[in-house]
Amino acid sequence: MPTVACATLGCKVNQYESDRILAGFAERGFSIVAAEAPADVYVINTCSVTSVAEAKSRKLIRKLAKQNPGATVVVTGCDAEMARLVGRTFPDATLIVANDAKLDIPRRVADRFASRMSAEAPVTSVQPSHGPRIRRVIKVQDGCDMFCTYCSVPLTRGEVRSRSARDILAEVASAVATGHREIVLTGVLLGSYGRDFCQSQATGEHPGSGNAVEDLPSLIKEIAAVPGVERIRLSSIEPPQVSERLLDAAAQIAAFTPHLHIPLQSGDDGVLAAMNRPYTRSEYRDLCRRACSTIEDLAITTDVMVGFPGETDQAFENKLDLVREIGFTRMHVFRYSPRPLTVAASRTDQVPESVRAQRANRLGQVARDLQLAFARRYLGRTMDVLAEPLRDSPGWLAGYTPNYIRVVFEGRPSAVGQIVPVRLLRIRGAAVLGELS
Ligand code: SF4
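Residues numbered from 1 in each chain as written. Predicted model: local features only at pLDDT ≥ 70, side-chain atom pairs only at ≥ 80, totals over all residues. Heavy atoms only, no water.

**A closer look at the site of the ligand**
Inclusion rule: Nearness here has a simple test: a residue counts as near a molecule or strand if at least one of its heavy atoms is within 4 Å of that partner. For this classification, Asp, Glu, Lys and Arg are treated as charged, while Ala, Val, Leu, Ile, Met, Phe, Trp, Tyr, Cys and Pro are nonpolar and the rest, including Gly, are polar.
Around the ligand sit Cys144, Met146, Phe147, Cys148, Tyr150, Cys151, Val153, Pro154, Glu238 and Arg277, and those are all the residues in its vicinity. Within the shell around the ligand, the residues separate by chemical class into 8 nonpolar, no polar and 2 charged.

Rendered as structure tokens:
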């Protein structure tokens, strides 16, 4: 039986698509092996969102091709798209596949292995991401048209396209039936879900319910109505798309986890305007206040970029002030890197790499302090935690509360995949320790 391995870089959308690709291989009789194990086929689902992600993608392709000279190496994802746009090639790739054709990779590759397949290849059931059945990431939308001046994603992912609610709900029902407790909705511009549906489109209906699904809040309501759905989380939503309707739906739906990831990027109005981000710092602050007053125990997490061209020391201090004021419970801090074909890449006022690094370190320290300060507020409280194995620590488990506090606690392997009550006890180093109660 031929073997296939898939390495995924970048976002949850890529993760979802890799799971679908592996499922397609399993249906065709391939055996799935770990990402860097010896295999007949490697799929590398690349990312080009930063220069670091792009370099990692290319390094991995070279490494896998060198380790396994006879293997079929398939390169797909945003770096494959970017390479096409700028006329770059992947000398080690057997096949380069566009983002919108990647789900067809198993069929295209299986044809090459036809002689090695038994007449009746067994159909293996595939476990997305090869982990225990805990959470299922489901892509509901693709594409972005915000055109932030630093970002190449609109070029590599194309225009906004929403999946039909019927397909999404069927996937949710299947995830629940196979034991998944948490559904994570993801998309490139998640909050734009449904914007491309036109009135006559019948695909926006929940089969049998008769309710039209025209936007993200109505989709969430339909998902919450699927029997057995225990948790719904959003991967990331842009500030202008956090509507009153969304906040009200989040507050009313018991399965919706009190957690919103809302990218900030900068806390300085001049930098936000130069980034083409459609909000000011005071609008962002007001949005967070509204969200916190609508949703009890809400955690707000974010992405923050440092070193955008022209970011002065004062602009950076403005960002630090806003970050502290809002009290993000987790922050993904990343350094700006010029992306090909973007407006910001052609600016002459690039911030030196050493300054970007210093700012990232300072902001990273603030992020760690804020994260622990938020967790401290919940010490002594018993919260529901979705239990997961803790790597290399027999007898210990870890998991997230609904508002995204990661807790480590002693427990049996049989609890993995269950939602269990855990009392948050203390903070040791960067970890929150708890006990089953
Ligand atoms: S919202 Fe901005 S940063 Fe996010 S994918 Fe679209 S253009 Fe890129």
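**Some points on the sheet that holds strand β12 (residues 330-335)**
In a beta sheet, neighbouring strands are held together by backbone hydrogen bonds and run either parallel or antiparallel to one another. The line we're drawing: At least two DSSP bridges between two strands are needed for those strands to be called paired. Strands here are runs of E lasting at least two residues and helices are runs of H or I lasting at least four, both read from the DSSP assignment and numbered beginning at the N terminus. To get an axis, fit a line to the C-alpha atoms, keeping to the stretch in contact for a helix; angles then go from 0 to 180 degrees between the N-to-C directions.
One open sheet holds the 3 strands; their spatial order is β10-β11-β12, and the pairing between them is parallel. Strands with a single pairing partner mark the edges of an open sheet, and in this sheet they are β10 (259-261) and β12. Across this sheet, the average inter-strand angle for adjacent strands is 15 degrees, counted without regard to direction. Bridge analysis of β10 against strand β11 (residues 299-306) gives 3 bridges, and the strand direction is parallel. For Leu260, the partnering residue across the bridge sits in β11 and is Ile300.

**What to know about the domain arrangement of the protein**
Many structure descriptions define interface size as the accessible area lost when the parts assemble. The criterion, for reference: Each domain's extent was defined by an automatic or database domain assignment. In this description, contact between two residues means that some pair of their heavy atoms is separated by no more than 4.5 Å. When two components associate, each loses some accessible surface as probed by a 1.4 Å sphere; the sum of these losses over both components is called the buried area. The term salt bridge refers to a pairing of a side-chain nitrogen on Lys or Arg with a carboxyl oxygen on Asp or Glu at a separation within 4 Å. As used in this structure description, the phrase polar contact means that two N or O atoms lie within 3.5 Å; if the pair is within protein, one of them must be able to donate a hydrogen and the other to accept it, and residues adjacent in sequence are counted only when both atoms belong to side chains.
Assigned domains within the protein: domain 1 (3-116), domain 2 (131-257), domain 3 (259-377) and domain 4 (382-436). Computed from C-alpha coordinates alone, the two centres of domain 3 and domain 4 are separated by 29 Å. Listed as interface residues are 9 residues of domain 3 and, on the opposing side, 10 residues of domain 4. Summing both partners gives a buried area of about 780 Å² for domain 3 against domain 4, and 67% of it is carried by carbon and sulfur. Counting the contacts that link domain 3 with domain 4 gives 0 salt bridges. At the boundary of domain 3 with domain 4, the tally comes to 1 residue pair in polar contact (both at pLDDT 80 or more). For the side of domain 3 that touches domain 4, the element with the most residues is helix α12 (residues 353-376), which contributes 4 residues. Taken together, the residues that form the side of domain 3 that touches domain 4 break down as 4 nonpolar, 2 polar and 3 charged.

**Quick look at the environment of Leu298**
In this structure, Leu298 sits in the loop between α10 (281-294) and β11. A sequence separation of 40 residues divides Leu298 from Pro258, and the C-alpha atoms of the two residues are 4.6 Å apart. If sequence neighbours within four positions are ignored, Leu298 has contacts with Pro258, His259, Leu260, Ala291, Cys292 and Phe374.

**A short note on helix α1 (residues 12-27)**
What sets the pattern is the α-helix's 3.6 residues per turn: residues three or four places apart point alike. Worth spelling out the cut-off: Every helix has an expected span of 1.5 Å times one less than the residues it contains. Residue exposure (1.4 Å probe, protein chains only): buried if accessible area is under 20% of the type maximum, exposed if over 50%, otherwise partly exposed.
The terminal C-alpha atoms of α1, which comprises 16 residues, lie 23 Å apart, in line with the 22 Å expected from a rise of 1.5 Å per residue. With 12 of 16 residues buried, α1 is to be regarded as a mostly interior element. Backbone geometry just downstream of α1 places Gly29 in the positive-phi region, at approximately 90 degrees.

**Quick notes on the packing of helix α6 (residues 165-177) against helix α7 (residues 216-224)**
Inclusion rule: In this scheme the handedness of a crossing depends on how the near helix is turned from the far one: anticlockwise by less than a right angle means left-handed, clockwise means right-handed.
For the pair α6 and α7, the least separation of the axes is 10 Å and the interaxial angle reads 35 degrees. Crossing of α6 over α7 shows right-handed handedness. Between α6, through Ala165, Ile168, Leu169 and Val172, and α7, the contact on the second element is made entirely by Leu219, Glu222 and Ile223.

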